[in-house]
Structures are given as structure tokens and as C-alpha cells.
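# Residue-level structural notes
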Amino acid sequence: MHKFLRSIGFSRLHELDDLGRLIQDVLVHYDFKKTAVDEEGHLFAEISKEFATDMGVTVCGTYDNENLFHMEYLFPFFWGSQVTSYEQIAVERHLATESFAGACDDMRVGTTLIFYVSNAGEYISMCGGGQLNDTTTSVSLSALAENGTVLFPVRKEQKALPVDRKKLEERSSLFNAAQNGDEDAIESLTMEDYDTYTMLSHRVQNEDIYTIVDSYFMPYGMECDLYNIMGDITSCEEVRNRVTGEKVYQIGVICNDVPLDVCINEKDLTGEPEVGRRLKAIIWLQGRLNF
């Protein structure tokens, strides 16, 4: 049973019979269906049903020669409404299933963002049609949260904001140069990280860490698409799962200047989310490729 089903309002789904009924509901009363021929010549199908706006369950599998559907896996999805990045995106198939991981080097984060591709059927179709190389691709990142906490914001002076923006642009330029092998840029980034570490070591003795660090995007655990994030809340909407009635928050977040949407069950969120506050959460990062 998928761990993040509770994020979209299925926290009481504990028995295999319950899961079976959910799968049957998706297959019979689906909202979206995408089929494509995969590399091995099998007819791959991606069948999705929404249980609230932009969130639901996708069941994936293949059809045999007698047109019978054989399920391979399912996953909960949440489709983000914001275009997160126009950087070059690499996509690679998972070994065990006909699913895909995406990766993009976003200079704002300073690391490679790895995410679960939530529209695999469309990607397979584009690859099979030979259209992928001629298409500009962006990605809308979204996330399902395992748990989260709402924090108060850090007070910032308005005159300091343009300075912070300029520093971010300069750091992005250094990352680009470092990727191209510029030794001066690599040395500058190394010294900058050392200075930051020294500053944090001194300030953390007398200040709370969350007043010093106001945003971060860090890998979490051993799976490559899990992250620990903290960012400013830019929007918040309450929705209810149509089947279970559980309340779910769909929260827009700016994290390290990267916009993404986070979906979390009310039961797993500590605090009251409001625009201007901060969200700290453990997330499973998904990405919808925009062709």
C-alpha cells in the first residue's frame, strides 16, 4: 500500500480489501486515461481518477492480446499549478516498473532535483512518436507531504530584499561557471560555503536555527525523490476527499526561490497554514512534464 495515499485523504485505508475497492473504483470510474506503446511493444495504460481538484490516484498497467488489463502499480498524484523550471530535464526509467524518474539541475537550489514523473503515459507517447527532441519541455513540480509544521515567518527589511535577489543571481552564475569547469568559480563557492558554515556555527549558539535559515531544500533518507523542505507559503486552499471526506490542504510554497505546490492531510499538519507563514515538511517530489 502506497505510503502517501494518506496525503490525499486516504488515511484510514488499512486493509487490502479497501485498497482493492479503491483500485476498482479508479478503473471503472476514471477521469483520465492515456495509452501508449512502450519500448517492448506492450500497450501501456495510465488510468487516473480525481478525488478532489488536481489530486487523486493513478493505476498503471498493460493490456494483453485479449484486451485484458493487468495492473502493475498505483500511486497517488497531485498536479502542481505552477511551472517550476525550464531547465534541461533528463528522464530515466525505473528498473522494476514502467515508471520514470526525472532530474533537472536547478541553480536556485544548487543541486540536482530528482522527481517522480506523474504523466508517464504522455512521456512514453511522445518518445514513441519521435516528437520529444523537437519539443520544449518544462516541469511543474508538486509534492505529497508525509508530515508538516507551520512556522512563523522571519522578519525581513524591505531594503534587504533587492540585495538578497542580487546575491542569488550571482550565486546562480557561479554554479553555471563551476559546472563548466571554472576553477575560480569552484573556489569561490567553496569559500562561500565555508564562510556560511562559520557564521552559522557562531550564531546558532545564541539564536534559533529557523531564524537564521529561512528556506532550504534538502534530500531526505535513502530514496532520491524524498526531500526535507522549508519555504514561504504563497497560497493555501482547503479541499475534501470526495470519498472519505477528509480535509486536505493544497499549499503553494516558494522554497529557495523554487515554486511548488504541496498537498498534505490536515491530520499530518501541525499549525494553521496562512499566506506569509512558512511550511516545513517531509515531501515526495513529483513532476508533471509540460510538452
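Look above for the structure.
Let us look at the structure shown here. Everything quoted here is computed from the prediction, not taken from an experiment.

Another point: the overall build of the protein. Broken down by element type, the protein carries five helices and 14 strands. Over its C-alpha atoms the protein spans a radius of gyration of 21 Å, differing by no more than 12% from the 19 Å that the globule rule assigns to 291 residues. In terms of overall dimensions, the protein has C-alpha extents of about 65 × 45 × 30 Å along its principal axes. Evaluated residue by residue, the protein yields a buried proportion of 43% over its 291 residues.

Of note in this structure, N256 is not a glycine but carries a positive phi near 55 degrees. Among the secondary structure elements, N256 is positioned in the loop between strand 11 (247–255) and strand 12 (258–265). N256 gets classed as partly exposed once you look at its relative accessible area, which sits at 23%. Of note, the phi angle at D257 is positive, near 70 degrees, even though the residue is not glycine.

What the four strands build is an open sheet, ordered 1-2-3-4; its pairing is antiparallel. Of all the strands in the sheet, the pair left with one neighbour each is strand 1 (32–37) and strand 4 (69–78). Within the sheet, the average angular offset between the axes of one strand and its neighbour, ignoring direction, is 20 degrees. Pairing geometry for strand 2 (residues 43–52) and strand 3 (residues 55–63), over nine bridges, is antiparallel. Bridging from a neighbouring strand, E46 pairs with C60 of strand 3. Sheet strands in contact with helix 1 (residues 16–28) are strand 2, strand 3 and strand 4, and its direction is about 105 degrees off that of strand 2.

This part covers helix 4 (residues 183–203). Along its 21 residues, helix 4 runs 30 Å from first to last C-alpha, staying within 8% of the 30 Å computed at 1.5 Å per residue. Near the N-terminus of helix 4, the side chain that reaches the backbone nitrogen of D184, with its oxygen 2.9 Å away, is that of D182.

On to a negative patch on the surface. A cluster of acidic residues, D182, E183, D184 and E187, forms a negative patch at the surface. You can call E187 exposed: its relative accessible area is 51%.

What follows is about the packing of aromatic side chains. Summed over the entire model, instances satisfying the criterion amount to 10 aromatic pairs. On the numbers, 5.2 Å between centres and 90 degrees between planes, the contact of F10 with F51 is edge-to-face. Remark: F51 occurs in strand 2 and F10 occurs in the segment before helix 1; sequence separation between them is 41 residues. Take F51: its relative accessible area is 1%, and that puts it in the buried class. A connected cluster of aromatic rings, assembled from ring pairs, spans F4, Y73, F75, Y116 and W284. When the ring centre of W79 is taken as reference, the NZ or CZ atom of R288 above it lies at 4.5 Å.

Here the focus is the layout of surface pockets. Its boundaries defined by the atoms lining it, the second largest pocket holds a volume of some 230 Å³. If you go around the second largest pocket, the residues you meet are H2, K3, F4, H94, A101, F115, Y116, E223, C224, D225, L226 and W284. Taken together, the residues of the lining of the second largest pocket sort by class into seven nonpolar, two polar and three charged.

Our next topic: the pairing of strand 1. Moving residue by residue along a regular strand, the side chains alternate between the two faces of the sheet. Both strand 1 and strand 2 contribute to a ladder of six bridges, which runs antiparallel. Within strand 2, the residue paired with A36 across the bridge is F44. Between strand 1 and strand 2, which follow one another and run antiparallel, lie five residues, and G41 among them has a positive phi close to 85 degrees.

This structure, assessed with the given rule, holds 11 salt bridges. Salt-bridge contacts for D268 lead to R6; the nearest nitrogen and oxygen are separated by 2.8 Å. Placement of D268 in the loop between strand 12 and strand 13 (269–270) and of R6 in the segment before helix 1 is noted, with a sequence separation of 262 residues between them. Look at D268 and you get buried, because its relative accessible area is 14%. According to the relative accessible area criterion, R6 is partly exposed, its value standing at 28%. The salt bridge partner of R277 is E274, with a shortest N-O separation of 3.7 Å. A relative accessible area of 40% places E274 in the partly exposed class.

Here we take up the environment of V83. Along the chain, V83 turns up in the loop between strand 4 and strand 5 (89–93). Once the C-alpha coordinates of V83 and S138 are considered, the two residues, 55 residues apart in sequence, prove to be 6.9 Å apart. Setting aside residues no more than four positions away along its own chain, V83 makes contact with S138, V139, S140, P259 and N290.

Analysis parameters
- Residues numbered from 1 in each chain as written.
- Predicted model: local features only at pLDDT ≥ 70, side-chain atom pairs only at ≥ 80, totals over all residues.
- Heavy atoms only, no water.
- Helix = DSSP H or I, 4+ residues; strand = E, 2+ residues; numbered from the N terminus.
- Rg over C-alpha atoms; globule rule 2.2 N^0.38 Å.
- Buried < 20%, exposed > 50% of the residue type's maximum accessible area, 1.4 Å probe, protein only.
- Pairing = 2+ DSSP bridges.
- Axes fitted to C-alpha atoms, helices over the stretch in contact; angles between N-to-C directions.
- Contact = heavy atoms within 4.5 Å.
- Expected span 1.5 Å × (residues − 1).
- Polar contact = N/O pair within 3.5 Å; in protein donor to acceptor, adjacent residues only side chain to side chain.
- Patch = residues over 30% accessible without salt bridge, like charges linked within 9 Å, V, L, I, M, F, W, Y side chains within 5 Å.
- Areas by Shrake-Rupley, 256 points an atom, 1.4 Å probe, with all protein chains shown as cover.
- Salt bridge = Lys/Arg side-chain N within 4 Å of Asp/Glu carboxyl O.
- Lys, Arg positive; Asp, Glu negative; His and termini not counted.
- Charge placed at Lys NZ, Arg CZ, Asp CG, Glu CD.
- Phe/Tyr/Trp six-rings, centres within 6.5 Å; stacked < 30°, edge-to-face > 60°.
- Lys NZ or Arg CZ within 6 Å of the ring centre and 35° of its normal.
- 1 Å grid on protein atoms, 1.4 Å probe; cavity = no way out; pocket = protein on both sides within 12 Å on 5 of 7 lines; lining within 4 Å.
- Points joined across faces, edges and corners; volume = space filled by probe spheres on them.
- Nonpolar A, V, L, I, M, F, W, Y, C, P; charged D, E, K, R; others polar.

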